Amino acid sequence: TGGLIVQRQILVLRDDRCVLLADAVLPTSGEDQPLTNLRYTSRLPLAAKVETEPEQETREIYLRDKKRRGLVIPLSASEWRVGPTDAALKETDDRHLLLTASGKGRLYAPLWFDFHSRRLRRKRTWRQLTVAENLRINTPHEAVGYRVQTGSEHWAIYRSLAGEACRSMLGKHIVAEFYCSHFEPSDGSHDDLVTVDDNESEDA
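Residues numbered from 1 in each chain as written. Predicted model: local features only at pLDDT ≥ 70, side-chain atom pairs only at ≥ 80, totals over all residues. Heavy atoms only, no water.

**Student:** When you look at the overall build of the protein chain in this model, what are you seeing that I'm missing?
**Tutor:** Each helix and strand counted, the protein chain has one helix and 18 strands in total. A compact globule built from 204 residues should have a C-alpha radius of gyration of about 17 Å, and the protein chain, at 17 Å, falls within 12% of that. By the burial criterion, 45% of the 204 residues in the protein chain qualify as buried. By sequence separation, contacts in the protein chain at least 24 residues apart represent 53% of the contacts at least 6 residues apart. With the model as given, the accessible surface of the protein chain reaches about 11,300 Å², and the carbon-plus-sulfur share is 50%. The centroid of the 29 positive side-chain charges in the protein chain is displaced by 9 Å from the centroid of its 31 negative side-chain charges. (Helix = DSSP H or I, 4+ residues; strand = E, 2+ residues; numbered from the N terminus. Rg over C-alpha atoms; globule rule 2.2 N^0.38 Å. Buried < 20%, exposed > 50% of the residue type's maximum accessible area, 1.4 Å probe, protein only. Contact = heavy atoms within 4.5 Å. Areas by Shrake-Rupley, 256 points an atom, 1.4 Å probe, with all protein chains shown as cover. Lys, Arg positive; Asp, Glu negative; His and termini not counted. Charge placed at Lys NZ, Arg CZ, Asp CG, Glu CD.)

In structure tokens, the structure reads:
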């Protein structure tokens, strides 16, 4: 409704024990329409015995019962709690995870879940990446990229919001709607995990 559509995406990396849950809010009309301000809210219910444990200085949240079972990272939020952010994650009084985000024209709201128990004890960080196209930096309503690091493991995530084009992120040239990889910072290489091309169904 309101000239907008929501595309929901669930990516399960079974060997990594990670899940990406993301919504893309996109206009139904063409590229020449004016960009409107967007405000996004998503609520995910918590299981009966699951409690949340927010990090004190950063914005990720642990999921736990008697011990930590998982970690939730709001990728589009700033990592540190100090300073401005376009997205935020918290628990509500009625026991839901509440993700809020704002954008202009188009919006991508991703949550990264890590359920590997040994990684929960390691240091981690995540960053919003620069996405470039024809020597121009893309705005967040055109394409977004993220890097997640836990210990020595790195993942790269890319999502186009304004059609497919040849764009670059972390030294990788991408012509796709969505891309996820293992990233090796020592040599800048990518081990491709998932690539989604919205033209595949038309070509089949």
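**Student:** Quick question: what am I supposed to make of the pattern of salt bridges here?
**Tutor:** A side chain with one charge may pair with a side chain of the opposite charge, provided their charged atoms come close. Counted under the stated rule, the structure contains 18 salt bridges. Notably, a salt bridge pairs Glu133 with Arg167, separated by 3.1 Å at the nearest N-O pair. Of the two residues, Glu133 is situated in strand 11 (residues 132-133) and Arg167 in strand 15 (residues 167-169); the sequence distance between them amounts to 34 residues. Arg167 carries the same exposure label as Glu133, and that label is buried. A salt bridge links Asp192 to Lys172, with the nearest nitrogen and oxygen atoms 3.7 Å apart. (Salt bridge = Lys/Arg side-chain N within 4 Å of Asp/Glu carboxyl O.)

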